[in-house]
Amino acid sequence: MNETRRAVLDALADGPVSGPELADSLDISRNAIWKHVEALRTAGFEIESTSDGYFLDDVPEFGPSVEYGLDAPFSVEYHDSIGSTNDRARELAEEGAEDVVVLADEQVGGRGRLERMWVGPSGGVWLSLVLRPNIPPAHAPLLTLAAAVAVARAAREAGVPAEIKWPNDVLVSETNKGQSEQGTAAGARGGEKLCGILTEMEGEANRVSWVIVGTGINVNIPADDLPDGATSVQEVVGSVNRRVFVQRVLEEFDALRTDVDAVLPAWRELSATLGQRVRVETPDGDVVGTAVDIVTPGALVVETDDGDVRVHAGDCDHLRPAN
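Residues numbered from 1 in each chain as written. Predicted model: local features only at pLDDT ≥ 70, side-chain atom pairs only at ≥ 80, totals over all residues. Heavy atoms only, no water.

**Q** Describe the pairing of strand β1 (residues 46-50), naming the residues involved and giving the relevant values.
**A** Looking at chain direction, β1 and strand β2 (residues 53-58) are connected through 5 bridges and run antiparallel. Each bridged residue has a counterpart across the sheet, and for I47 the counterpart in β2 is L56. Here β1 hands over to β2 after 2 residues, the two strands then running antiparallel side by side. (Pairing = 2+ DSSP bridges. Helix = DSSP H or I, 4+ residues; strand = E, 2+ residues; numbered from the N terminus.)

**Q** Break down a negative patch on the surface for me, citing the residues and quoting the values.
**A** A contiguous patch of negative charge on the surface is contributed by E46, E48, D57 and D58. Relative to the assigned elements, E46 resides in strand β1. (Patch = residues over 30% accessible without salt bridge, like charges linked within 9 Å, V, L, I, M, F, W, Y side chains within 5 Å. Areas by Shrake-Rupley, 256 points an atom, 1.4 Å probe, with all protein chains shown as cover. Salt bridge = Lys/Arg side-chain N within 4 Å of Asp/Glu carboxyl O. Lys, Arg positive; Asp, Glu negative; His and termini not counted. Charge placed at Lys NZ, Arg CZ, Asp CG, Glu CD.)

**Q** I'd like a rundown of the pattern of salt bridges, residues and numbers included.
**A** Applying the stated criterion across every chain yields a total of 17 salt bridges. A salt bridge links E38 to R41; the shortest N-O distance between them is 2.6 Å. With a gap of 3 residues between them, E38 and R41 both fall in helix α3 (residues 30-42), about one helical turn apart. By relative accessible area, which is 26% here, E38 ends up partly exposed. The salt bridge involving E252 is made with R248; its shortest N-O contact spans 2.7 Å. With E252 and R248 both in helix α8 (residues 242-257) and 4 residues apart, this pair spans about one turn of that helix. On the accessibility criterion, R248 (23% relative accessible area) is partly exposed. (Buried < 20%, exposed > 50% of the residue type's maximum accessible area, 1.4 Å probe, protein only.)

**Q** Report on the pairing of strand β7 (residues 162-165), specifying residues and quantitative values.
**A** Across 4 bridges, the pairing between β7 and strand β8 (residues 169-173) is antiparallel. Bridge pairing in β8 links E163 to L171. In textbook terms, the turn of a hairpin is the stretch between consecutive antiparallel strands, and for β7 and β8 this stretch comprises 3 residues.

**Q** Can you lay out the nonpolar core for me, pointing to particular residues and giving the numbers?
**A** In this structure, F74, L129, F245 and F253 are the most contacted members of the largest nonpolar core, which totals 60 residues. Among the elements that line this core, the one with the most residues is helix α5 (residues 141-157), at 12 residues. L9, L12, I47 and V59 belong to the second largest nonpolar core, which has 15 residues in total. (Core = buried A, V, L, I, M, F, W, Y, C linked by side-chain atoms within 4.5 Å.)

**Q** Could you give me a rundown of the packing of aromatic side chains, with the residues and numbers involved?
**A** With the rule as written, the count across this model stands at 2 aromatic pairs. When the centroid spacing of 6.2 Å and the interplanar angle of 85° are considered together, the rings of F45 and Y68 count as edge-to-face. Of the two residues, F45 is situated in the loop between α3 and β1 and Y68 in the loop between β2 and β3 (75-82); the sequence distance between them amounts to 23 residues. Across this residue pair, the class does not change: F45 and Y68 are buried. Arranged with centres 5.7 Å apart and planes meeting at 90°, the rings of F62 and Y78 form a pair that is edge-to-face. With a gap of 16 residues between them, F62 in the loop between β2 and β3 and Y78 in strand β3 connect regions that are remote in the sequence. (Phe/Tyr/Trp six-rings, centres within 6.5 Å; stacked < 30°, edge-to-face > 60°.)

**Q** I'd like a rundown of the environment of E163, residues and numbers included.
**A** Within the secondary structure, E163 sits in strand β7. Residues E163 and V66, 97 residues apart in the sequence, show an inter-C-alpha distance of 25 Å.

**Q** Give me unusual backbone geometry: which residues, what numbers.
**A** Looking along the chain, the bond that leaves G15 and enters P16 is cis, with omega of 10°. On the secondary structure map, P16 appears in the loop between α1 (3-13) and α2 (19-26). Of note, the bond from W166 into P167 is cis; its omega dihedral lies within 30 degrees of zero at 5°. Looking at where P167 falls in the secondary structure, it is placed in the loop between β7 and β8. The phi dihedral of D27 falls on the positive side, at around 60°, and the residue is not glycine. Relative to the elements of secondary structure, D27 occurs in the loop between α2 and α3. What makes D27 exposed here is its relative accessible area of 70%. Unusually for a residue other than glycine, D99 sits at a positive phi of about 55°. Tracing the chain through its elements places D99 in the loop between α4 (85-94) and β4 (100-111).

**Q** Residue-level account of α3, with values.
**A** Along its 13 residues, α3 runs 19 Å from first to last C-alpha, staying within 8% of the 18 Å computed at 1.5 Å per residue. By the burial criterion, the buried members of α3 are I33, H36, V37 and L40. Projected down its long axis, α3 shows its buried positions confined to an angular sector of 100°, all on one face. Turning to α3, the residues buried within the fold contact α1, α2, β1 and β2. (Expected span 1.5 Å × (residues − 1). Arc of directions from axis to C-beta. Contact = heavy atoms within 4.5 Å.)

**Q** Can you tell me about the state of the cysteines, naming the residues and giving the values?
**A** Disulfide: a covalent bond formed between the sulfur atoms of two cysteine residues. Scanning all chains against the criterion turns up 0 disulfides. Note on C316: no disulfide assigned, nearest cysteine sulfur contributed by C195 at a separation of 16 Å. (Disulfide = S-S within 2.5 Å.)

**Q** If you had to explain the confidence of the model for the chain to someone new, which residues and values would you point to?
**A** Of the residues in the chain, 90% reach a pLDDT of 70 or more, and the chain-wide mean stands at 90. Contacts for the low-pLDDT stretch residues 175-185, under 50 throughout, to residues beyond four places or in other chains number 18 contacts. (pLDDT = per-residue confidence, 0-100.)

Quick look at the structure:
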């Protein structure tokens, strides 16, 4: 949404205001005002016309409307359906884009870590952030942690008891009663999956060119449309306004990326993994022990029989809940 269209919306929210008044205040033609109003109507904004002028009657629940009222410096490119928001974000990054959110109602060709398929039905929030952070490449994982914190905070504001599982999942917690070290599925997962995050980066040894943080969140999705082991905001607390939900995610993420020292403490506070006995599958073999901390730039510290081990990447299973 361009700045002029935003200004039109802001004026209409305080309306009614006439076309000529809008044209004068924005220093554009009356015909341009009409075109902006029609474009906003096409995007789902309910704009009424009265003898006193135009006024904004209602804002769509999702779509380009995410930019309206967003208190974070992101522009939004919205798609009703898309193959992969990360693929589109990569195209934009290679064209020089910055602080753009690629957002979709449905994602038909999504993927997770290790090229796993990611189901993205209508009603979810499928978004990818195009970023150009001024950080060393080694610190890029902090952006993944920040995204997880942002999603978990937004979910908790909506009433969902969300927690973060290392390295990149947001879960709805469960007690896992009777879980043994041989267990898998939901017990190993630590809860039902609400969100997955996939971060991609391009850069050189000492500088980042761009980072894409892809986030898939199950929001207003019924159980029948979810894979086994997943849940949604709707299943826990009922349907929510996705526009407001996405705005909270983006606002929380923006605050964290500008204060990276706050990321790890926030992650620890929301962690489902710390204190758990875990098994982490790594290229060098399994690391088994108790997850005791997370350190810059996102390494999990596991206390094993042979001492503390820092794990920078791997698949983590929760073996049993903490005592």
